[in-house]
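# Geometric and topological summary
What follows is each chain in one-letter form.
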Amino acid sequence: MFFRACAAALLVSFAIAAHAAEVVEGWTVVTKNADLATYSRARQGTKLLEYKGVGVIDAAPMVIKRVIDDTAEYPKFMPYVVETKTLFDDGANRIGYQRLSPPFVGDRDYTVRVKCESKPCPLTGGTIFSNRWQAANDLGPAEKKGVSRVKVTEGSWLLEPVAEGKTRATYTIFSDSGGGIPTMLLNKANKTAIPKLFEAVRNQAKLAKYTRGQP
């Protein structure tokens, strides 16, 4: 009886481990529900993880594109964002500054260069939008006293049309907010920020200023 119980416990442990280690195209599944799946993957030479969120949003890609491009409104709805400045924007390329004020760790800021692209979707006939960014602090304001400068930050939004006028949104982020924060806490912060980010975008996308001209 004892051995059968041990064997059963081992099988349960193996099943839990297998679930925890589920890997999809090089990404390890972190959490998964009907609205959002989050993933992580390692990068060579660092213990800092890259994270990805994938979820369907009940709005057209153009609507979500308008939301994420409206950086002036970020302090009103994006988690932890308290200040933004657009330094350059020609539609295809944007240089923007942001200051964040997350709890416990103090303010952080950075300047990023964003490359915006679009292409037809061969499956639906709609449009796929992509925004990719990376740190460009040399193009933005100088460092401020009392604000930690983020030296490493890069990521993307990919917005793909799916059935019923909805969007399959994929968000990726690889960021080191610096300031002496342990890597384990940085990884946790990047992971827990993704559901808050998707919730913020979902709520913002309901506003009439973004849905104009959409069916």
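In short, a report on the structure. The structure presented is a predicted model; accordingly, all values stated were derived computationally and were not measured. (Residues numbered from 1 in each chain as written. Predicted model: local features only at pLDDT ≥ 70, side-chain atom pairs only at ≥ 80, totals over all residues. Heavy atoms only, no water.)

## Here's the deal with the overall build of the chain
The condition that has to hold: Each helix is a run of H or I in the DSSP string that is no shorter than four residues. Each strand is a run of E no shorter than two, and both are numbered from the N terminus. Here's how the labels work: a residue is buried when its accessible area is under 20% of the maximum for its type, exposed when over 50%, partly exposed in between, all with a 1.4 Å probe on protein chains only. Should any heavy atoms of two residues lie within 4.5 Å, those residues are considered in contact. Exposure was quantified through the Shrake-Rupley algorithm and a 1.4 Å probe, taking into account, for residues, occlusion by the shown protein chains and nothing else.
Scanning the chain for helices and strands turns up 5 helices and 11 strands. Considering the chain as a whole, with its 215 residues, one finds that 40% of them fall into the buried category. Restricting to contacts in the chain with at least 6 residues of sequence separation, those with at least 24 account for 51%. A total accessible area of about 12,400 Å² is found for the chain, and carbon and sulfur atoms account for 57% of it.

## A few points about the pattern of salt bridges
Put simply, the rule reads: Each salt bridge in this description consists of a side-chain nitrogen of Lys or Arg and a carboxyl oxygen of Asp or Glu lying within 4 Å of one another.
Tallied over the entire structure, the rule returns 15 salt bridges. Measuring nitrogen to oxygen at the nearest pair gives 3.3 Å for the salt bridge that ties lysine 209 to aspartate 70. Here lysine 209, found in helix α5 (residues 208–211), pairs with aspartate 70, found in the loop between α2 (61–69) and α3 (74–77); they are 139 residues apart in sequence, far enough to count as distant. In this structure aspartate 70 comes out as buried when scored by relative accessible area, which is 17%. Among the ionic pairs, glutamate 164 bridges to lysine 166, the shortest N-O distance being 3.6 Å. Owing to a relative accessible area of 24%, lysine 166 belongs among the partly exposed residues under this scheme. In the salt-bridge network here, residues are joined through shared partners; they are Glu83, Lys85, Arg99, Asp107 and Lys144.

## Quick notes on the environment of phenylalanine 77
Here phenylalanine 77 is to be found in helix α3. Distance in space between the C-alpha atoms of phenylalanine 77 and valine 201 is 8.0 Å, their sequence separation being 124 residues. In this structure phenylalanine 77 touches Val67, Ala200 and Gln204, once residues within four positions along its chain are discounted.

## Focus on the side chain of glutamate 83
Going by this rule: Pairs of N or O atoms within 3.5 Å make up the polar contacts considered here, provided that, within protein, one atom can donate a hydrogen while the other can accept it, and that residues adjacent in sequence are counted only when both atoms are side-chain atoms.
Relative to the assigned elements, glutamate 83 resides in strand β5 (residues 81–89). For glutamate 83, the side chain forms a polar contact with the side chain of arginine 99, separated by 2.9 Å. Excluding residues that lie within four positions of it along the chain, glutamate 83 makes contacts with Pro75, Tyr97, Gln98, Arg99 and Lys144.

## Thoughts on the packing of aromatic side chains
Note the following rule: Side-chain rings of Phe, Tyr and Trp (the six-membered ring for Trp) are treated as a pair once their centres are within 6.5 Å; stacked means planes under 30 degrees apart, edge-to-face means over 60, and tilted covers the remaining angles. We count a charge as sitting over a ring when the NZ of a lysine or the CZ of an arginine lies within 6 Å of the ring centre and within 35 degrees of the ring normal.
Per the stated rule, a full pass over the model turns up 4 aromatic pairs. An angle of 85 degrees between the planes, with centres 5.7 Å apart, marks the rings of tyrosine 74 and phenylalanine 77 as edge-to-face. Linking tyrosine 74 with phenylalanine 77, this pair stays in helix α3, spanning 3 residues, or about one helical turn. As far as the burial class goes, tyrosine 74 and phenylalanine 77 line up, both buried. Where tryptophan 157 meets phenylalanine 198, the ring centres are 5.5 Å apart and the plane angle is 50 degrees; that geometry is what we call tilted. Note that tryptophan 157 is positioned in strand β10 (residues 152–162) and phenylalanine 198 in helix α4 (residues 183–204), a separation of 41 residues in sequence. Judged by relative accessible area, which is 4%, tryptophan 157 ranks as buried. In textbook terms, an aromatic cluster arises when at least three aromatic residues are bridged by ring pairs, as seen for Trp133, Trp157, Tyr171 and Phe198. Over the face of the ring belonging to phenylalanine 174 we find arginine 43, whose NZ or CZ atom lies 4.1 Å from the ring centre. Over the face of the ring belonging to tyrosine 39 we find lysine 52, whose NZ or CZ atom lies 5.1 Å from the ring centre.

## Let's talk about the nonpolar core
Quick reminder of the rule: Among the buried residues, those of types Ala, Val, Leu, Ile, Met, Phe, Trp, Tyr and Cys that are joined through side-chain atoms within 4.5 Å form a nonpolar core.
The biggest cluster of nonpolar side chains holds 33 residues, and the ones touching the most others in it are Ile64, Trp157, Tyr171, Phe198 and Val201. Counting only elements with at least two residues in this core, the list comes to β4 (46–57), α2, α3, β7 (108–120), β8 (127–135), β10, β11 (166–176) and α4. Considering every element that reaches this core, the biggest residue donor is α4, with 5 residues. The residues touching isoleucine 64, leaving out its near neighbours within four places in the chain, are Ile57, Ala59, Leu159, Thr167, Val201 and Ala205. By size, the runner-up hydrophobic cluster in this structure holds 5 residues, among which are Trp27, Val29, Ala37 and Tyr39.

## Topic: unusual backbone geometry
With a phi angle near 75 degrees, tyrosine 80 is a residue other than glycine that sits in the positive phi range. Counting through the fold element by element, tyrosine 80 comes out in the loop between α3 and β5. On the accessibility criterion, tyrosine 80 (31% relative accessible area) is partly exposed.

## Remarks on α4
Definition in use: By this rule, a helix spans an expected 1.5 Å times one less than how many residues it contains. A residue's bend is given by the angle between axes fitted to the 7 residues ending at it and the 7 residues starting at it.
Under the 1.5 Å per step criterion, the end-to-end length of α4 is 31 Å for 22 residues, consistent within 8% with the ideal 32 Å. Of all the bends found along α4, the most pronounced is centred on isoleucine 194 and spans about 25 degrees, while proline 195, a proline, follows it within four residues. Of the residues making up α4, those classed as buried are Leu186, Asn187, Asn190, Ile194, Leu197, Phe198, Ala200, Val201 and Gln204.

By themselves, these are just geometric observations and shouldn't be taken as functional.
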